[in-house]
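Overview (structure and organization)
The primary structure of each chain is shown beneath.
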Amino acid sequence: MTLSQDLYDTLQTYIQNCDCNLYDIIITKEFNQDVLRIMITSPQGITLDKCQEVSNLISPLLDVQDPFSSPYTLEVSSPGIERILKSPRHFKYSIGETLEVRLLDKSTIIGTLHSSDDEKFTLEIEGNTQTFFYHQTKKVKTFFEW
């Protein structure tokens, strides 16, 4: 199941009104219950209060434009400190962060995301920059050294 583009765009607008960015929407089923998981980001970080604010704002919208024909659970959260980057939008939100890039040849590179566009991204690796096309990668995620 997917959300209509109109509902997706409306959710994105509502979330931006809370000074956040819509990072991802995942529709899943857990314990025989549909779950609508909305992940948000913000340059200031995401708090529980911010998640509650967004949830309170979008709940009435979802009551009217109900994406499910059965009961579901709405979850609003941060995508986490280590998150998978799947789209150019995810890369844009992660500029300045450390990434772990697994290439198609199974090699792994760690560097700081310098820039990105719709086709490629550039990492700074030990003082040098290297550009990768998205189609050259198998998996890219933010990396936090514990």
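Calculation criteria
Residues numbered from 1 in each chain as written. Predicted model: local features only at pLDDT ≥ 70, side-chain atom pairs only at ≥ 80, totals over all residues. Heavy atoms only, no water. UniProt positions renumbered as here; feature names shortened; annotations may be inferred. Helix = DSSP H or I, 4+ residues; strand = E, 2+ residues; numbered from the N terminus. Buried < 20%, exposed > 50% of the residue type's maximum accessible area, 1.4 Å probe, protein only. Contact = heavy atoms within 4.5 Å. Pairing = 2+ DSSP bridges. Axes fitted to C-alpha atoms, helices over the stretch in contact; angles between N-to-C directions.

As annotated in an unreviewed UniProt entry, the chain carries the name Ribosome maturation factor RimP and comes from Helicobacter enhydrae. You can read under Function (unreviewed entry) in the UniProt record for the chain the words "Required for maturation of 30S ribosomal subunits." You can read under Subcellular location (unreviewed entry) in the UniProt record for the chain the words "Cytoplasm".

Within the secondary structure layout, phenylalanine 133 lies in strand β7 (residues 128-133). Take phenylalanine 133: its relative accessible area is 33%, and that puts it in the partly exposed class. Spatially, the C-alpha atoms of phenylalanine 133 and lysine 120 are 4.1 Å apart, while their sequence positions differ by 13 residues.

Let's shift gears to the side chain of serine 55. Take serine 55: it is sitting in helix α2 (residues 48-64). Contacts of serine 55, omitting those with residues within four sequence positions, involve Leu74 and Val76.

A few words on the sheet that holds strand β4 (residues 98-103). An order of β7-β6-β5-β4-β8 is seen for the five strands of this open sheet, with the pairing classed as antiparallel. With one partner strand each, in any of the chains shown, β7 and β8 (137-142) form the two edges of the open sheet. When the angles between neighbouring strand axes are averaged without regard to direction, this sheet yields 40°. Note: β4 against β8, five bridges, orientation antiparallel. Residue pairing in the sheet places arginine 102 in a bridge with lysine 139 of β8.

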